[in-house]
Amino acid sequence: SRSSAMKTSNSCCVMSKRALLKLKKKEAMHNLIKNELRENVDFLVETCHGASRNAGWWHDLKIDIDLREEACRGSRFGKALVAEKLCLIHSEVSDAMEGHRKDMVDEKLPEFYAITVELADACIRIFDLAGALSLDLGSALAAKMAYNSQREDHKPENRAKPGVKPDEIRIT
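Cut-offs applied
Residues numbered from 1 in each chain as written. Predicted model: local features only at pLDDT ≥ 70, side-chain atom pairs only at ≥ 80, totals over all residues. Heavy atoms only, no water. Core = buried A, V, L, I, M, F, W, Y, C linked by side-chain atoms within 4.5 Å. Buried < 20%, exposed > 50% of the residue type's maximum accessible area, 1.4 Å probe, protein only. Helix = DSSP H or I, 4+ residues; strand = E, 2+ residues; numbered from the N terminus. Contact = heavy atoms within 4.5 Å. Polar contact = N/O pair within 3.5 Å; in protein donor to acceptor, adjacent residues only side chain to side chain. Salt bridge = Lys/Arg side-chain N within 4 Å of Asp/Glu carboxyl O.

Visitor: How should the nonpolar core be read in this particular structure?
Guide: Grouped burial of nonpolar side chains is what soluble globular proteins tend to show. Listed in full, the eight residues of the largest apolar core are W58, L67, A71, L81, V82, I89, L129 and A132. The dominant element in this core, judged by the number of residues it contributes, is helix α3 (residues 76-101), at three residues. Apart from residues lying up to four places away in sequence, L129 is in contact with W58, K85, L86 and I89. In terms of nonpolar packing, the next biggest core, distinct from the first, is built from five residues, V41, V45, C48 and F127 among them.

Okay, here's the thing in structure tokens:
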């Protein structure tokens, strides 16, 4: 009958409105998380770079120049400076691996394992470099996490499929 068709049609519309509302709530939550993540990373960048700048790590005392300007300029010296900073980040990660491999406690902060302290050092160096180069690390991190959440090779049901890059050692 016509009234039952209208009820079906209306309930279908109500379902669509509910689904749309649920989608909007999910998007709003995603945006909130994205904004909080960006703001928190921005805070860490400002804090770590500020501490490094205040300690004089971005000022060459011998020739009295601002190393941040050189790094941003893209000159040969600036590129070498950025390369040096990236190598220092890598060295912290290597130290973390060594601490983990040997199950070491940190020498300077014995309340923590070495892996924890060395990863913290790597984060400090990453946030510092992002600050020196005025990189929008917070937005990039949020965007990258959102992108990764949609990748097929990042979904549990697809991880064991042939051709998917493994990110862990599998024991068979």
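Visitor: So what exactly am I meant to see when it comes to the environment of R73 here?
Guide: With respect to the element layout, R73 can be found in helix α2 (residues 67-73). The sequence separation of R73 and L133 amounts to 60 residues, and the corresponding C-alpha distance is 9.6 Å. Of note is the side chain of R73, whose polar atom sits 2.5 Å from the side chain of E70.

Visitor: How should I be thinking about the pattern of salt bridges in this particular structure?
Guide: What the rule picks out here adds up to eight salt bridges. Notably, a salt bridge pairs E70 with R73, separated by 2.5 Å at the nearest N-O pair. A residue pair is termed a helical-turn pair when its members lie 3 or 4 positions apart in one helix, as E70 and R73 do in helix α2 at three residues. Exposure remark for E70: the relative accessible area of 14% places this residue in the buried category. For E98, the salt bridge is made with K102, and the minimal N-O distance between the two is 3.0 Å. Assessed through its relative accessible area of 48%, K102 is described here as partly exposed. Through salt bridges with shared partners, one network takes in R38, E39 and D42.

Visitor: Mind showing me how you'd approach unusual backbone geometry here?
Guide: A negative phi holds for most residues other than glycine; trans holds for most peptide bonds. Residues other than glycine seldom take positive phi values, yet D64 does so here, at roughly 50°. Looking at the element boundaries, D64 is found in the loop between β1 (59-60) and β2 (65-66). Judged by its relative accessible area of 57%, D64 falls in the exposed class. One non-glycine residue with positive phi stands out, namely S134, at about 55°. Along the chain, S134 falls in the loop between α4 (114-132) and α5 (137-150). Look at S134 and you get exposed, because its relative accessible area is 64%.

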